[in-house]
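Understanding the architecture of this molecule
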Amino acid sequence: MNVGFIGVGYMGYGIAKNVLKNGNNLFVIANKKRAPIDKIVSDGATEVNSYKELCEKNLDALFFCVTNTPIAISIAENISILLKEKTLIIDVTTHNQNGSIRMEQIFSKQKINYVECPVMGGPVQAEEGVCGGIVGASEENFKKSEIYLRTFCKDYFHFGEVGKGAKSKLLNNFLSLGTATYVIELIKSAKKLDIDLEKLFAVAKLGSGNSTALNRIFDNVLKGDYTGFKFSTSNTLKDLTYIHEMLKDVGNAEILADVKKSFYKKAVDNGNGELFISELIQKE
């Protein structure tokens, strides 16, 4: 298959690598971060210099994996008129609750099929091809997308029409980012209270607070590595902003989302937006 990829960045590289590894011809377009582009080109992808050139590659599928909904919509509005009807859009972007619905509307005007598939997992899972796919699409488009989803997902779940994937992804991030935030604040508190971190970790693993976030963050901290949770503070703030908007009038969930969002807004305002959230353990 001829596959295009917009957004070969920190997360997109691993997905793109697996698409390429499964025997597809991969075409990528340059972005601000040269390192992942140079890396995927060295793996065998072809770099193009414009959306027009990308769309001339007789694409069977085109991946989106960009930073946020406004960027995705801007690109979609520019590229939709250049694509052939047969192209299948697979959008891995984490959208706000209505972003993927707007994306589908843009592409449907040109009779181009659209599938949203935000994923659970980080760059490591993406590169290993073991992400969890959260799919929103028509039944027909979902079936068309499976040949691609299998390349980078350990498993994937069809939640229903476009929009259901975005909402389900945000709810999952509400849980995962909440858990990670508790672990970060646990470690910061333990340091201030002079509690033995190694013993605290051993105890925490035995209780109901045990989680992937606990192990990923705490195990690395004990080795002096604060990069165990590889998700940036600015992206966390973006996701929690989307989550807070979605959970308006949902009682305590709205309050919790707002409180978590405030932590990361303060960190971004203090100039720590590019840090992984686990690196905030070292910051006041």
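Just above, that's the structure.
Right, let's walk through the structure included here. (Residues numbered from 1 in each chain as written. Predicted model: local features only at pLDDT ≥ 70, side-chain atom pairs only at ≥ 80, totals over all residues. Heavy atoms only, no water.)

1. Points about the pattern of salt bridges
A full pass over the atoms with the stated rule returns twelve salt bridges. Ionic pairing is found between Lys86 and Asp60, a salt bridge with its closest N-O pair at 3.2 Å. Residue Lys86 is located in the loop between α4 (69–79) and β5 (88–91), and its partner Asp60 is located in the loop between α3 (51–55) and β4 (61–64); the two are separated by 26 residues in the primary sequence. Using a relative accessible area of 45% as the deciding quantity, one classes Lys86 as partly exposed. As a salt-bridge pair, Glu185 and Lys188 come within 3.7 Å of each other at their nearest N and O atoms. Within this pair, Glu185 and its partner Lys188 are both found in helix α8 (residues 164–192), separated by three residues, close to a single helical turn. (Salt bridge = Lys/Arg side-chain N within 4 Å of Asp/Glu carboxyl O. Helix = DSSP H or I, 4+ residues; strand = E, 2+ residues; numbered from the N terminus. Buried < 20%, exposed > 50% of the residue type's maximum accessible area, 1.4 Å probe, protein only.)

2. Thoughts on the nonpolar core
The biggest cluster of nonpolar side chains holds 32 residues, and the ones touching the most others in it are Phe5, Leu26, Ile40 and Phe63. Of the residues forming this core, the biggest block, five residues, is contributed by helix α1 (residues 12–21). Listed in part, the 31 residues of the second largest apolar core include Leu177, Val183, Ile184 and Tyr264. (Core = buried A, V, L, I, M, F, W, Y, C linked by side-chain atoms within 4.5 Å.)

3. Quick notes on the environment of Ala137
One can find Ala137 in the loop between β8 (131–136) and α7 (139–152). Once the C-alpha coordinates of Ala137 and Lys57 are considered, the two residues, 80 residues apart in sequence, prove to be 25 Å apart.

4. Section: the packing of aromatic side chains
Here the structure, examined in full by the defined rule, presents eight aromatic pairs. With centroids separated by 6.4 Å and ring planes inclined at 85 degrees, the aromatic side chains of Phe63 and Tyr148 adopt a geometry described as edge-to-face. Of this pair, Phe63 sits in strand β4 while Tyr148 is found in helix α7, placing the two residues 85 residues apart along the sequence. Relative accessible area serves as the criterion here: at 5%, Tyr148 is assigned to the buried category. Ring geometry for Phe63 and Phe152: centres 5.9 Å apart, planes at 70 degrees, overall edge-to-face. Here Phe152 lies in helix α7 and Phe63 lies in strand β4, a separation of 89 residues in the sequence. A relative accessible area of 0% means that Phe152 is categorised as buried. Of the aromatic side chains, those joined through ring pairs into one cluster are Phe5, Phe63, Tyr148 and Phe152. (Phe/Tyr/Trp six-rings, centres within 6.5 Å; stacked < 30°, edge-to-face > 60°.)

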